[in-house]
Every structure is written in structure tokens, then in C-alpha cells.
Amino acid sequence: MPKFIKSTVGKVNTTLGFYTLTVVLFWLKTYIAYKTEFTLGVKGAVQQFILILNPFPTAIVLLGIALYFRGRLKYWLLMIIDALQTTWLFANILYYREFSDFMSAGVIKSSGAASNNLGTSLAQIIHATDFLVYADVVLLILLLAFKVIRIDPRPFKLRYAATLTMIGVALFAVDLGMSEHDRSDLLTRTFDNNYIVKYLGLNTYAGYSFYQTEKESATRAQASSSDMKSVLAYLKKNQAGDNVKYFGKAKGKNVFVIHLESFQQFLIDYKVDGKEVTPNLNKFYHNKNTLSFDNFYHQVAQGKTSDAEMMMENSLFGLPTGSAMTQYGTSNTFQAAPAILSQKGYTTAAFHGDVASFWNRDNAYKSWGYNYFFYSAYYKEKSDYNIGYGLKDKIFFKDSVKYLEQLPQPFYAKLITLTNHYPYTLDKQNQSIDKTTTGDSTVDGYVQTAHYLDQAFAEFLTYLKKAGLYKNSMIVLYGDHYGISNNHRAAIAQLLGKKSVTTYDLAQFQKVPFMIHAPGIKGGVNHTYGGEIDALPTMFDLLGIKNKGYIQFGTDLLSKDHNQTVAFRNGDFVSPTYTKIGSTVYNSKGEKLENMTAAQKKTVKQMQNHVTTELSLSDRVIQGDLLRFYTPKGFKKVNKSDYSYKLTKTLKSLKEIQEEKKTSVLSKNKGKSTEDLYKTDAPELSSSSSSSSSSSSSSSSK
Ligand code: GP9
Ligand code: MN
């Protein structure tokens, strides 16, 4: 063996040599993961350099901790620290694959509420090769155990250990300095976790995220009533007026809010092999009494469904990291739609076929003033009734009726569907349309579960018509967020019939349906740009409730004062004129604007300011729990302890309320249940007497 190789190999038998080898291997796999597992959006030589550099500083410092210890202990400590860092990398690889984002301390904190179901998805996304990230740790341990690499028992000189720590810190300073130079306010604006990882690495991101979460508790403690002033000043300037043509047109009607899980706008009128994927939703969309918005975007971040719910019912944004519902849903003061409406005489109820703790709904819904929450415990359970996260939609809708009919009218009922959820698997007996053939297994089942959801919706709608609810209700439908994440670019291109998709196309791909149907209102496809934050003010317009006085960051989509700049949660935005993604600005045709005029720059800057301001003020409201300092006129503060979602208590109270108020569907039907009006072709129920085939393809409306 040549001498220099021999001497190099020999060096791993020293503490410094072994430590260096560990650092280099950790760097190498992190870098490979950066390149192959994450989409960090590295642009230009400087960012590329920073990316190569950024795993080093924290690895040098953290692994260097072991060097301060004696004898064999330092080797094992080195391996433990290496394994811990690797586990963080491993967890993020999996998390990113599904959520296109890094795991945050907020998500970990809230996983107590969400863990039971995250496990199911995890099993689907894990690849055997993922475990390769542990290969170097295992190899090093084996080499030590079999004495291929000899442990150097001599104490490592303290001043060498300190020097290495200092080198790590100095490199960190270089990394931070270069990053701040390339992207100012990196740590203060927290727009995107991808940025933090791209510039400062995964370990720093972990520290940062945990620090942020701790800070959250502190912000609340520090906030005071005077913080509300800037919020009120902003709203005074930005809230939009009503639209007299629509104001109060659905006043006093029941309200159905139907949450279409993972449902994207592109599915509307979409065909696979000439067959409509969602014929019933399409009909509803084009109904002459349905106001449909075709430039409506989801604005969720890591909180996904819970972010959508937060926006839809509070007109407050979810948070940049974690779920606001989970982190603040229990302790904060809210003035949510259910509370406002119940104080105006509505009965309010949420229906969902999953456990109550998911996204902390069991607590957040009390803070939001829901009188009732019907979750999995309220539904009959049979092994084939569930798929993925919970009850199959057809069974869910059907079995909701026995509670729905007991609600005194007018009621506000939110039904959260579930079957059209990642990973879009559906049992054979429920499949009635072919999968797409992009070859991407995560994507191809999507149309199948969407088709199933469409049928379930149609069955429910048919029931509403038979039970007389269709004509005295306002029915609101919305898609909560994307179903196909941006990680599936090739498949998305195929679905859209394009060769490839640009970043601009992906921004457009974030559109979700938003439809409002009420008898007698003038429907049609409305092209106004808006997002989930605007839903509540729009619904209030139709219900004849003035937004003024409420802390709502969205504006009525029907108002002429509505601002059409739609914020994404990471600070990017879309609008009818300019779209800004990262640092790139596009015109309305999706063309990159390379050399912008001074006037264009000014406009884009103003739009960015608007977006940044609304996001950060909304965050302040939630993080500082500012609504505890402000009560809208005529609104009574919600007292959580007035509510209980316990099955026995609820059943009792529903019984009592039939006597008190004689306005429920059941009462109106002289106490006779309307359940047998419900027709479903759900194969799981086919033996039961009340169900028969038909209706799945029935028309949704005329
Ligand atoms: C779970 C369901 C899914 O109860 O609402 O939430 P998501 O994974 O879409 O955020
Ligand atoms: Mn969802």
C-alpha cells in the first residue's frame, strides 16, 4: 500500500482522525439529501457555496462536544450525537416527501393530537432505502466494535477541542454573514423553512424552530391591549364594504359548510378518458344559483386542514409553522363564525368521521363556540366503514343525518369529508372510475377518491332536497388545500396536459373550489381573485351580517373594495396582475419579468407590503392572543366550559332541545326520522334495509 494512503488510513485510529471522518460522512449524506430529497431552490454560485458549507458548522460543534470527554466514552458519545443528528435528517426526509416542508417544533409539539393518524401516512411514504442515512453510523460503530478502527484512549487535549469548537462557531458566523447578505431578514421574517435549511442547515433549523416555539409562550405573556391598536387601524383602512346586491340574500337560512378534503379546482370539469371525474360537483358548480369562484386559492401552511378551518371560520391566517388550532386553539380567545352565529340564534355543529383530538378540534371547537361536535364516537363503527383517517364519506354523510335532523333551525353545520385524503387509496368495491396513468402512485388514485367524494356529496344533496333542506339553506363548498403536492411535478404536468410545469403553473395549481349556493341568489362563475381568508366575510355578506367590528383579515369577494392580492402563507402572492414566487415576479400570462420598470417595481413592492402586513398582523393576533383584549359590539365572550362534546351529554341535550325548540327537521316531521329518505349505494351498507342502490350518479341540481 502506498505510504500516504497507509498514513491517512492510520489517522482514523486517532481521536481527531475518527472525529474528522465522522464529520465528513455526516456532511456528505446531508449534502446528498439536500440534492435528492429536498427542493431548496438554490440559485447561483453563492447559494450553492452556502449549501455546501452549511452542514459543517453545527456538525463540527455538536460532534465536537464528545471530544471534551475522556477515554472510550468520547467515541460512544460521538456516535450517539451522530445518530441523533441523523434521526433528525431521517425524520425530515420522510416529512418533506409528503408535506414539501421541514418538520417544525410546532408540528412535533402538536403531534400528540395528530400522531395517531400520522403513523398511517408514514408507513406509506417510507422507502427501505431511507434507512441508508444511517449507513455511516452503523458502519462506524461496526468498525469500532470489531476493532478495525482502534479506539484512541488518550484524552483529547482540551485546547484542541476548544479550537475545533471555535472553528465551528467561526464557520457558522461566515455562513450566517453570507446568508444575511444574500437574503436579508432571514431569521426575522420566517417566511419559509426551506430558506432556513438552504442557508443555515438542518441542525440550525431545528434549534431555530424550537426557539420559535418557546418564544410563542413568551409572546403571549408580553402582548398587551395596546397591540390591538395597530390591528384595528389596519382593518379600518382595509376592510371592504358589502355588496348591496347580495347583502342578506340568504339571511336566516341554514348554513351548510362542506369541507372537500384535498380537493383542487382543476378537478372541476376535469375528465379522464372522456369521463367527468366529479359530475355532481360540476353540476353544482354551474348551477344558476351557485356563486362559484374560479380564482380562489388555498392559503394553508403546515397546519393543512386546520389552517383552512382557521381561515374559513375566523378569517385569521394559520401560522407559518405548526398548526394554530393545535397550539393556540385551547387557550386563545376567538370570535369565530359558530360563536357569532349561535349568538344570532343559530344552532352550530361540526361533523367529522375522525377522532376528536385530531388537530385539537375537541378544544378549538369549544373556543370557536360550536354547540355540537359529532366525531367518530358518534358514528357506527365497522371494520370496513373506515379508510385512511376515518369514516368513508358516503357512510359519513348518511350517518350524519340522524344528528342533523335534530338540530333546531336555523343551524350552521360544517361537514368535514375525509376519503379524498392522501394516499388516495380506496377499496375495490368503491372504485368506479379508472385511475390516471401518470405512473406516479401517489397521484394516480386521486381522481378515484375525488370521484367517490363527488358521489357521496350527490347522495347528501339528494337527501337535502327530499328533506326540504335544500330550499332553505345556503350551501357552501370549499377545497381545503392541494391534494397533489409540488413534489409531483412530472405527474402534475401530465394531468394538466403539459410537457412540464413552471413555478408559476404550480402557484396556479393551488386553486381550490369555493362555491356558495342559495335559493334565489344570482349565481355564475366569478373570476375575482381571493382565498380562504376571504370566505367568512363573503358568507357574512350573504347572511346579512356586517363585518365591521369583527377582526377579520379577509374581505368580501363580492365587494368592489375587495383586494385581489392573494397571500400565500410563505409571503408569496398571486393576483390578476402580478404573481410573486420567491424573488421572481410573473405577469398575468405567467411570464417572468426580468427587467421591471420603476413603476412595476413600485406596484409589486406595495403588494408585497400588503401581504407581509396582513400576515404578520394576523400572526400577532393569534400569537399574542389579542382577541382577549377586544370584544366586538354585541358579542358575548365564549366560555369554553359551557360546552361538552361527550356522547352521553350530547344525546341528552339533543333530546331536551327537541322539546324546547320545535324547529328541527325531526320536530317538523312530527318526530318521525327522515333517515329513510337517505339513499346511498355504499356497498358496506347494502344489507341494511334503509339503503338501496341508485343516486350516486343522480343529478345534483337543476
Ligand atoms: C383529519 C383530517 C386531515 O382529521 O382533517 O387533515 P389534513 O391531513 O388534511 O391536514
Ligand atoms: Mn385536509
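Per chain, residues are indexed from 1 in the order of the written sequence. As they are written, the chains are lettered A onward and the ligands numbered 1 onward, keeping that order. Two thresholds apply to this predicted model, a pLDDT of at least 70 for residue-level local features and 80 or more for giving and counting side-chain atom pairs, whereas whole-chain, interface and lining totals are computed over all residues. Hydrogens and water molecules were not included; the side-chain quantities draw on all heavy atoms of the structure.

What follows concerns the overall build of the chain. Secondary structure elements are taken from DSSP: a helix is a run of H or I of four residues or more, a strand is a run of E of two residues or more, and numbering for both begins at the N terminus. Along the backbone of the chain there are 25 helices and 16 strands. For a compact globule the rule gives 2.2 Å times the number of residues to the power 0.38, and the radius of gyration it is set against comes from C-alpha atoms. Radius of gyration (C-alpha) of the chain: 28 Å, near the 27 Å computed for a compact globule of 702 residues. Each of the three principal axes of the chain carries a C-alpha extent, and together these read 95 × 60 × 55 Å. Buried residues in the chain amount to 58% of all 702 residues. For this analysis, residues touch if any pair of their heavy atoms sits within 4.5 Å. Considering only contacts in the chain between residues 6 or more positions apart, those separated by 24 or more positions represent 77%. Surface exposure here means Shrake-Rupley accessible area, sampled with a 1.4 Å probe, where a residue is shielded only by the protein chains that are shown. Carbon together with sulfur atoms contributes 59% to the accessible area of the chain, which is approximately 29,000 Å² in total. Whether a residue is buried, partly exposed or exposed follows from its accessible area with a 1.4 Å probe, protein chains only, as a fraction of its type maximum: under 20%, in between, or over 50%, in that order.

Moving on, we come to the site of ligand 1. Here a residue is near a molecule or strand as soon as one of its heavy atoms is found within 4 Å of it. Every residue lining ligand 1 is accounted for by Glu261, Lys304, Thr305, His352, Asp354, Phe358, Trp359, Arg361, Tyr389, Leu418, His421 and His481. Two N or O atoms form a polar contact when they lie within 3.5 Å of each other; inside protein one atom must be a possible hydrogen donor and the other a possible acceptor, and for residues adjacent in sequence the pair counts only when both atoms belong to side chains. A distance of 2.6 Å is found between an oxygen atom of ligand 1 and a side-chain nitrogen or oxygen belonging to Thr305. One nitrogen or oxygen atom from the side chain of Trp359 is found 3.1 Å from an oxygen atom belonging to ligand 1. Protein contact buries 97% of the 310 Å² of open area that ligand 1 shows by itself. Its residues assigned to classes, the shell around ligand 1 shows four nonpolar, four polar and four charged. Residue classes follow a fixed rule: Ala, Val, Leu, Ile, Met, Phe, Trp, Tyr, Cys and Pro count as nonpolar, while Asp, Glu, Lys and Arg count as charged, and any other residue, Gly among them, counts as polar.

UniProt positions are given in the numbering used here, feature names are shortened, and annotations may be inferred rather than shown by experiment. When the UniProt feature table is mapped onto this chain numbering, "active site" (unreviewed entry) sits at Thr305. Assignment of secondary structure puts Thr305 in helix H13 (residues 304–314). Judged by its relative accessible area of 5%, Thr305 is buried. Setting aside its immediate chain neighbours within four residues, Thr305 contacts His259, Glu261, Trp359, Arg361, Asp480 and His481.

With that settled, the discussion passes to the packing of aromatic side chains. Pairing of aromatic side chains here covers Phe, Tyr and the six-membered ring of Trp, requires ring centres within 6.5 Å, and sorts the geometry by plane angle: under 30 degrees stacked, over 60 edge-to-face, intermediate tilted. If you walk through the whole model with that rule in mind, you get 47 aromatic pairs. Ring geometry for Phe293 and Phe514: centres 5.6 Å apart, planes at 25°, overall stacked. Of the two residues, Phe293 sits in strand E4 (residues 290–297) while Phe514 sits in strand E11 (residues 514–517), which places them 221 residues apart along the sequence. Here Phe293 falls in the buried class, since its relative accessible area comes to 0%. Overall, the relative accessible area of 0% leaves Phe514 in the buried class. In this scheme, Lys NZ or Arg CZ marks a charge over a ring once it lies within 6 Å of the ring centre and within 35 degrees of the ring normal. The cationic tip of Lys366 hangs over the ring face of Tyr645; the distance from NZ or CZ to the ring centre is 5.5 Å.

For salt bridges, the criterion is a side-chain nitrogen of Lys or Arg within 4 Å of an Asp or Glu carboxyl oxygen. Under the definition given, this model contains 19 salt bridges. The residue Lys662 makes a salt bridge to Glu659 at a minimum N-O spacing of 3.5 Å. The same class applies to Lys662 as to Glu659, namely exposed. Connected via shared salt-bridge partners are Glu309, Glu313, Arg361 and Lys414.

Attention now moves to the domain arrangement of the chain. Reports of interface size often rely on the accessible area that becomes lost once the parts have come together. Partitioning the chain into structural domains gives domain 1 (3–219) and domain 2 (227–264 + 292–649). Here the C-alpha centre of domain 2 lies 37 Å away from the C-alpha centre of domain 1. For the domain bounds, the source is a domain assignment made automatically or taken from a database.

The next point concerns the confidence of the model for the chain. Model confidence for the chain is summarised by a mean pLDDT of 92, while 94% of its residues fall at 70 or above. In the model, residues 113–117 has pLDDT below 50 throughout and makes twelve contacts with residues more than four positions away in sequence or in other chains. Known as pLDDT, the predictor's per-residue confidence is scaled from 0 to 100. Predicted confidence is poor over residues 689–702, with pLDDT under 50, and the contacts of this stretch with residues over four places away or in other chains come to 41 contacts.

A separate point is the coordination of the manganese ion (ligand 2). Coordinating donors are taken to be N, O and S atoms lying within 2.8 Å of the metal, or within 3.2 Å when the metal is Na, K or Ca; because water is excluded from the atom set, some sites may appear incomplete. At the metal site, the manganese ion (ligand 2) is ligated by Glu261 (OE), Glu261 (OE), Thr305 (OG1), Asp480 (OD) and His481 (NE2), and these contacts range over 2.0 to 2.6 Å. Metal-centred angles of 54 to 168° between the six donor atoms at the manganese ion (ligand 2) mark the site as irregular. Mapping the donors of the manganese ion (ligand 2) onto the primary sequence gives the spacing E-x43-T-x174-D-H. Pair noted here: Thr305 is in helix H13 and Asp480 is in the loop between strand E10 (473–479) and helix H20 (489–495), with a separation of 175 residues, a long-range link. Like Thr305, the residue Asp480 is buried in the burial classification. Working rule for geometry: tetrahedral if four donors all subtend angles between 85 and 135 degrees; square planar for four, octahedral for six, if opposite donors exceed 155 degrees and the others stay between 65 and 115; irregular in every other situation.

Simply put, an axis is a line fit to the C-alpha atoms, just over the touching stretch for a helix, and the angle between two N-to-C directions goes from 0 to 180 degrees. For the pair helix H2 (residues 15–36) and helix H4 (residues 55–64), interaxial distance at closest approach is 10 Å and the crossing angle is 140°. You can see that H2 and H4 cross each other, and the crossing is right-handed. Contact residues: Tyr19, Thr22, Val23, Phe26, Trp27, Thr30 and Tyr34 in H2; Pro55, Phe56, Ala59, Ile60, Leu63 and Gly64 in H4. Split by residue class, the contact of H2 with H4 holds ten nonpolar, three polar and no charged. Note on convention: near helix rotated counterclockwise from far helix by under a right angle means a left-handed crossing. Clockwise means right-handed.

Another point: the UniProt feature "domain: Sulfatase N-terminal" (unreviewed entry) in the chain. The UniProt entry lists residues 253–545 under the feature "domain: Sulfatase N-terminal" (unreviewed entry), expressed in the numbering used here. Annotated as residues 253–545, this span is 33% helix and 19% strand, and its ends, taken at the C-alpha atoms, are 12 Å apart.

Side chains three or four residues apart in an α-helix point the same way, a direct result of the helix having 3.6 residues per turn. A helix is expected to reach a length of 1.5 Å times the quantity of its residues less one. With twelve residues, helix H17 (residues 393–404) ought to run about 16 Å at 1.5 Å a step, and its terminal C-alpha atoms sit 16 Å apart, in line with that. The buried count for H17 comes to eleven of twelve residues, which makes it a mostly enclosed element.

Turning our eyes to something else, we now look at the sheet that holds E4. Within the open sheet, the eight strands sit side by side as E6-E5-E9-E1-E10-E11-E4-E12. Their pairing is mixed. The open sheet terminates on both sides in strands that have one partner only, identified here as strand E6 (372–374) and strand E12 (524–531). In this sheet, neighbouring strand axes are inclined to one another by 15° on average, regardless of whether the strands run parallel or antiparallel. Two strands are counted as paired when DSSP detects at least two bridges linking them. Taken together, the six bridges between strand E5 (residues 347–352) and strand E9 (residues 411–416) define a ladder with parallel strand orientation.

When you line up the elements, Lys546 lands in the loop between helix H22 (535–543) and strand E13 (566–567). Separated by 305 residues in the primary sequence, Lys546 and Gly241 have C-alpha atoms spaced 8.6 Å apart. In this view, Lys546 contacts Asp242 and Phe247; residues no more than four positions away in its chain are not counted. Within the structure, the side chain of Lys546 is placed 3.0 Å from the side chain of Asp242, a separation counted as a polar contact.

A separate point is unusual backbone geometry. For the bond from Gln409 to Pro410, the omega torsion is -5°, close enough to zero to count as cis. Residue placement: Pro410 occurs in the loop between H17 and E9. A cis amide bond links Tyr422 to the next residue, Pro423, at an omega of 5°. Among the structural elements, Pro423 can be located in the loop between E9 and helix H18 (441–444). At Lys147, a position not held by glycine, the phi torsion is positive, near 60°. Backbone geometry at Asp625 places phi at a positive 50°, although glycine is not the residue there.

Below, the discussion takes up the nonpolar core. Of all hydrophobic cores here, the largest spans 149 residues; its most connected members are Phe256, Phe351 and Phe553. Top element by residues in this core is helix H19 (residues 446–466). It accounts for ten residues. Sequence-distant contacts of Phe553, that is, excluding residues within four places in its chain, are made with Val231, Tyr234, Leu235, Ser315, Leu316, Phe317, Ile533, Glu614, Leu617, Ser618 and Val621. Residues belong to one nonpolar core when they are buried, are Ala, Val, Leu, Ile, Met, Phe, Trp, Tyr or Cys, and are joined through side-chain atoms within 4.5 Å.

Bringing a nonpolar patch on the surface into the picture now. Each patch is built from salt-bridge-free residues with over 30% relative accessible area, joining like charges within 9 Å and nonpolar side chains (Val, Leu, Ile, Met, Phe, Trp, Tyr) within 5 Å. Together, Leu62, Ile65, Tyr68, Phe69, Leu73 and Leu158 give the surface a local cluster of nonpolar side chains, amounting to about 530 Å² of exposed area. Note on placement: Leu62 falls in helix H4.

The subject of this paragraph is the pairing of E10. Counting buried positions along E10 gives seven out of seven residues, so the element sits mostly inside the fold. Pairing of strand E1 (residues 254–260) with E10, which is carried by seven bridges, proceeds in the parallel orientation. Residue pairing for E10: Asn254 is matched across the bridge by Ser473. Strand direction decides the pairing type here: E10 and E11, joined by four bridges, are antiparallel. Each bridged residue has a counterpart across the sheet, and for Tyr478 the counterpart in E11 is Phe514.

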